[in-house]
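Geometric and topological summary
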Amino acid sequence: MSAESKQPRRPSEDGDGGGGSGAATEEPGSLLLSNARLADGRTVDVRLVRGRIEAVGTAGSLSTVGARVDLAGYLLLPAPAEPHAHADTALSAEGPGPVSHAPEEVQRRATEAALLQLGHGATAVRAHVRIGDVHGLGPLEAVLQTRRSLRGLADLTAVAVPRLLTGVAGADGLAMLRDAVKMGAGVVGGCPDLDPDPTGYVEAVLEVAAEQGVPVDLHTDGDGPARLARFAAMAGGLRPGVAIGPCAGLARLPEDVAGRAADRLAAAGVTVVCLPQGGCAGTERRGTAPVRLLRSAGVRIAAGGGALRDAANPVGRGDPLEAAFLLASLEGLEPAEAYGAVSARAREAMGLPEVRVEAGFPAELVAVRGERLEGVLSLAYSRIVVHRGRVVARTSAVREYCDSAATLDLPRQARTDPGGPAAR
């Protein structure tokens, strides 16, 4: 699914300065999120109409003729997005024998994976799909069918990933890459490190991207500084954008060498998508990109989940909030910066419009049980997910303690119902 190009309406265009009025709306499909806590500490009501945030006001100030969800005890945030998933291999680790690439099996796994990620809060997913070899375009067609079946629940974009693009064997791959875009792949990608001619591979991908007007998203370990420099020189200025990842190999280079490579990527406007939860099928080694070094050079950093319970990471969770937790706990990012990597920066890398909890912006939101972002990243159990202005997923957790002889005032989680089952 191609990224939406429409820019969000600014608060001034709504005529209410972002606060809105208390009058009930007559619009169909309206939803009021009441008593929501924002990251800045305010408690507000948020009215959603036709897939956008129509108004934000102090708690109790807004009304609606539509549905209401009480978010008391929840922190309301822009929804995360998943910039690096593998839909064709997801959830394949537990199956006996080789991974099945039969279209019906790929579609089943891809659908289940997308719904798991939606439950975590990701309302948009960019899914890498291998094409070529003996499987041809079958797995891609299965993922595109998944995209169609999920319309209204989540936005799924397919990245076509050919194996070879150079030499005699690469001619078929190049033709298939063009066919994949015609079928509906919204992004072209691949693994240049696995091609005998990595530079030629990148040139071929960039050529197809330029002629088709689609973004580029490449897998690379990033351990070859000269190769990265050539790539940055070729990719500089390409629109609608270039992303690479997971680039864990940069962390194994001497700091001065990695720093020069980071400077070139920043100058070229290339986004690096790191995978804090582990590797993926497109790279051979595990590890995480040197996030602080890249950020200090001015490189745009997004974070994704990578492998979701496949051979590359049998315990992968595909949870954006866990990726943010790891960036904060292991890489030393501030919680807001860490969450930005899986939300604002991820959406930017995917070419999606900006989301803020302000009037005029898309109603892509997640409410997580908690009061502060730090606590949410630590214990993000209960979540309510909003896509295009309606609740599309809920996850509830209830923690209880048995009676104790000790004179302790143990916390209790009251079962409440904010528009559906949830927990305090």
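Structure: see above.
Attention here is on the structure that accompanies the text. Keep in mind the model is a prediction, meaning the values are calculated, not measured. (Residues numbered from 1 in each chain as written. Predicted model: local features only at pLDDT ≥ 70, side-chain atom pairs only at ≥ 80, totals over all residues. Heavy atoms only, no water.)

Comments concerning the pairing of strand β12 (residues 271-274)
- The alternating pattern of β12 places Thr 271 and Val 273 and Val 272 and Cys 274 on opposite faces, both of which are buried.
- Two elements, strand β11 (residues 242-246) and β12, share 2 bridges in a ladder whose sense is parallel. Bridge assignment links Ile 244 to a residue of β12, and that residue is Val 272.
- Running through helix α6 (residues 255-268), the crossover from β11 to the neighbouring parallel element β12 is right-handed.
- The sheet contact formed by β12 and strand β13 (residues 300-303) spans 4 bridges and is parallel. (Buried < 20%, exposed > 50% of the residue type's maximum accessible area, 1.4 Å probe, protein only. Helix = DSSP H or I, 4+ residues; strand = E, 2+ residues; numbered from the N terminus. Pairing = 2+ DSSP bridges. Right-handed = clockwise from strand over helix to strand, strands pointing away.)

A few points about the environment of Gly 269
- Looking at the secondary structure, you find Gly 269 in the loop between α6 and β12.
- Spatially, the C-alpha atom of Gly 269 lies 8.7 Å from that of Leu 238, the residues being 31 residues apart in sequence.
- Beyond its immediate chain neighbours, meaning those up to four positions away, Gly 269 contacts Val 242 and Arg 300. (Contact = heavy atoms within 4.5 Å.)

Some remarks on the pairing of strand β14 (residues 365-369)
- With respect to burial, β14 is a largely interior element, 5 of its 5 residues being buried.
- Across the two faces of β14 the burial is the same, with Leu 365, Ala 367 and Arg 369 and Val 366 and Val 368 all buried.
- Here strand β5 (residues 74-78) runs beside β14; their pairing, made up of 5 bridges, is antiparallel. Within β14, the residue paired with Tyr 74 across the bridge is Arg 369.
- In terms of strand pairing, β14 meets strand β15 (residues 383-387) through 4 bridges, oriented antiparallel.

Quick word on the sheet that holds β13
- Read across the open sheet, the 8 strands follow the order β6-β7-β8-β9-β10-β11-β12-β13; overall the sheet is parallel. Edge positions in the open sheet fall to β6 (82-85) and β13, since each of these has one partner strand only. Adjacent strand axes in the sheet meet at a mean angle of 25°, parallel and antiparallel pairs treated alike.
- Note: strand β9 (residues 187-190) against strand β10 (residues 216-220), 3 bridges, orientation parallel. Bridging across to β10, Gly 190 finds its partner in Leu 218. (Axes fitted to C-alpha atoms, helices over the stretch in contact; angles between N-to-C directions.)

Considering the packing of helix α1 (residues 103-120) against helix α2 (residues 138-149)
- Two elements in contact, α1 and α2, have axes separated by 8 Å at closest approach and are oriented at 45°. As summarised for this structure, α1 and α2 are arranged oblique, according to the angle between their axes. Read as a crossing pair, α1 and α2 show a hand that is right-handed. Each of Pro 103, Val 106, Gln 107, Ala 110 and Thr 111 in α1 lies in contact with α2, whose residues at this interface are Gly 138, Pro 139, Ala 142, Val 143, Gln 145, Thr 146 and Ser 149.
- Partitioned by chemical class, the residues of the contact of α1 with α2 number 6 nonpolar, 6 polar and no charged. (Parallel < 35°, antiparallel > 145°, perpendicular 65-115°, else oblique. Left-handed = near helix turned anticlockwise from the far one by under 90°. Nonpolar A, V, L, I, M, F, W, Y, C, P; charged D, E, K, R; others polar.)

Geometric descriptors of this kind do not, in isolation, establish any biological role.
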